[in-house]
Amino acid sequence: MASVSLREIYKKYAGGVIAVSDFNIEIKDKEFIILVGPSGCGKSTTLRMIAGLEEISEGELYIGDRLVNDIAPKDRDIAMVFQNYALYPHMTVFENMAFGLKLRKVPKDEIARKVEEAARILDIAHLLDRKPKALSGGQRQRVALGRAIVREPQVFLLDEPLSNLDAKLRAQMRTEISKLHKKLGTTFIYVTHDQTEAMTMGDRIVVMKDGYIQQIDTPTNLYQSPVNQFVAGFIGSPQMNFIDAKLLKQDGKYVVEFGSEDTKTTRGVKYQVAVPDSKADSEALEPLVDQEVILGVRPECIHDEPAFLAQATTGKINTTVEVTEMMGAETYLYLNCEGINLTARVSPRSDVRPQDEIEVAIDPNRIHIFDKETEKTVLN
C-alpha cells in the first residue's frame, strides 16, 4: 500500500488556462480522501494527473517514495474507476475483470482465483458469464470496481463512480464502497460533486473552487468550522443561510444586526443576534465593528419549538412561511423575514402551513460570521 504526495502541482493548458493551481496534500497510506467541488473546479483534472492521464505542468507527484511525474500510467500501480464504467461490451463480466491481468501475463489459475475472490467480495459471482448489456447500472458499477480490485493496486482512483445511478442505488453503493475500503485497506482517492457523498464517505475532504484548494479537513470540521463562505455554503444540505448584516458593539458585547427599513412609518425593522461571550473573539471581531458582515446560520439552528423560543433572549425573528417540505424524518420551512429568504430544518411534527406568520429563533451559539469583503470566516 502507499501514501500519495502532491507538492505544488499545477495544470496549465495552451492559451493560458490554469485548471489546477498550487495543489498540496499529503495523503496517508490507507486513507479515504475525497475531492469535492462544483463542475470545472479542477478535481477530475487532479485525479487524472495522479493517474498519469494528464501531464503535470509544474510540481511533484509521489506515490509511496517514488517520484512518478514521468512514469507511464501502467507502471504507477494505481487503478482507476471511471464515471461511465468503461466496460468492454463484447466481453463477459469474467473477461472484463480478467483483462488487465491477462495483459500482464498473469497465470490463468491465478487470474481465476483473483476474479472469483473479487466477485465474491462484490456479490457478483453469479454474474460472471453475463455481458455488460445484461446488467443493471449498479451491477456494472460493481464490475468496474472488481476490475480494479483484481489488480491489487497501491492506490484506487474513483472519478464520480456513482453519478449515473439512481438515488436509492447511490446511497447503497456509498455504503458498499466504504465497506470495500475498510476490507481492502488501500488508499482511496475519490472525486465527486455531491457533498453528501463526500460527507458520508471520506476520512478527509478536499474542497476545491476554480482550481484552488479551499480547505482540507474532516467532514465534521468542514461542517462546523468552514474557513470561508464558499466552503460553508457548499458543505451541508440544505445549505447554510447567509444574511447581509452589520456587526455592532453594545454595552461591551458584540451584536449582529439585520433587517430592513420600513419607509412607510420611518421605523427600522431590525433584528439582533447577540454573540455569546464564549464565542466572541475580540481580536477577530473588533476590526469589523460598525462594518457590514455576512451572518451564517445552518437550517437546523433556526428553531420554531415553543420551548426554545421561551428561553431565547436573542435572535427572535418574525417570518412568513412560503413553502413547507415534509421530508419524513424532518420538515424544511422556507421562510421570508424582511425580504430575506431563510431555510429552517424543524421537527416533522411541526404543523405550520404556507402563509402562516411564525416567530422563530436563531441559536446564537451556532452562528457563523464572514467578512463581507474577503468572504473569510471571522467567527465559527
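The paragraphs below set out a description of the structure included in this document.

The rules behind the values
- Residues numbered from 1 in each chain as written.
- Predicted model: local features only at pLDDT ≥ 70, side-chain atom pairs only at ≥ 80, totals over all residues.
- Heavy atoms only, no water.
- Helix = DSSP H or I, 4+ residues; strand = E, 2+ residues; numbered from the N terminus.
- Expected span 1.5 Å × (residues − 1).
- Buried < 20%, exposed > 50% of the residue type's maximum accessible area, 1.4 Å probe, protein only.
- Contact = heavy atoms within 4.5 Å.
- Pairing = 2+ DSSP bridges.
- 1 Å grid on protein atoms, 1.4 Å probe; cavity = no way out; pocket = protein on both sides within 12 Å on 5 of 7 lines; lining within 4 Å.
- Points joined across faces, edges and corners; volume = space filled by probe spheres on them.
- Nonpolar A, V, L, I, M, F, W, Y, C, P; charged D, E, K, R; others polar.
- Phe/Tyr/Trp six-rings, centres within 6.5 Å; stacked < 30°, edge-to-face > 60°.
- Lys NZ or Arg CZ within 6 Å of the ring centre and 35° of its normal.

**Side note on helix α4 (residues 137-149)**
The end-to-end C-alpha distance of α4 is 18 Å, a good match for the 18 Å that 13 residues give at a rise of 1.5 Å each. For α4, a buried count of 10 out of 13 residues is recorded, marking the element as mostly surrounded by other parts of the structure. Looking at α4, one finds that the buried residues are Gly-138, Gln-141, Arg-142, Val-143, Ala-144, Leu-145, Gly-146, Arg-147, Ala-148 and Ile-149. Structurally, α4 contributes buried residues whose contacts are with β6 (78-81), α2 (93-103), α3 (108-122), β7 (155-159) and α5 (167-184).

**Thoughts on the sheet that holds strand β2 (residues 18-27)**
If you walk across this open sheet you meet the 4 strands as β2-β1-β4-β5, and the pairing is antiparallel. Across the chains shown, the open sheet's two edge strands, defined by having one partner strand only, are β2 and β5 (66-67). The pairing of strand β1 (residues 4-12) with β2 spans 6 bridges and is antiparallel. Pairing of Lys-11 across the sheet is with Val-20, part of β2.

**Regarding the sheet that holds strand β17 (residues 331-337)**
As summarised here, the arrangement of the 5 strands in space is β15-β19-β16-β17-β18, forming an open sheet in which the pairing is antiparallel. Strand pairing shows two members of the sheet lacking a second neighbour, β15 (302-303) and β18 (340-346), which therefore form its edges. Summarising the sheet, strand β16 (residues 316-326) and strand β19 (residues 357-362) pair through 5 bridges and their orientation is antiparallel. Within β19, the position partnered with Thr-319 by the bridge is Ile-358.

**Quick look at the layout of surface pockets**
In this structure, the largest pocket encloses a volume near 530 Å³. As for the largest pocket, its lining consists of 18 residues, of which Ala-79, Met-80, Phe-82, Arg-147 and Arg-151 are closest to the centre. Secondary structure elements with two or more residues in the lining of the largest pocket: β6, α2 and α4. For the lining of the largest pocket, a count of residues per class yields 13 nonpolar, 1 polar and 4 charged. A volume near 170 Å³ is recorded for the second largest pocket. The greatest single-element share of the lining of the second largest pocket, amounting to 5 residues, is contributed by α3. In the lining of the second largest pocket, the residues fall into 8 nonpolar, 1 polar and 4 charged.

**Examining the packing of aromatic side chains**
In the structure shown here, the tally under the stated rule is 7 aromatic pairs. Centroid distance Phe-32 to Phe-188: 5.3 Å. Interplanar angle 45°. Geometry classified as tilted. A residue pair is termed long-range when its members are at least 10 positions apart, and Phe-32 in strand β3 (residues 32-36) and Phe-188 in strand β8 (residues 187-192) qualify at 156 residues. For Phe-32, a relative accessible area of 1% puts it in the buried group. When the ring of Phe-230 is compared with that of Phe-234, the centres are 5.7 Å apart and the planes differ by 20°; the resulting orientation is stacked. Residue Phe-230 and its partner Phe-234 are both found in helix α8 (residues 229-234); the two are separated by 4 residues, about one turn of the helix. Taking relative accessible area as the criterion, Phe-230 reaches 18% and is therefore assigned buried. Through successive ring pairs, a cluster of aromatic residues spans Phe-32, Phe-156, Phe-188 and Tyr-190. Lying across the ring of Tyr-10, Lys-12 places its NZ or CZ 5.3 Å from the centre. Lying over the aromatic face of Tyr-223, Arg-298 brings its terminal NZ or CZ to 3.9 Å of the ring centre.

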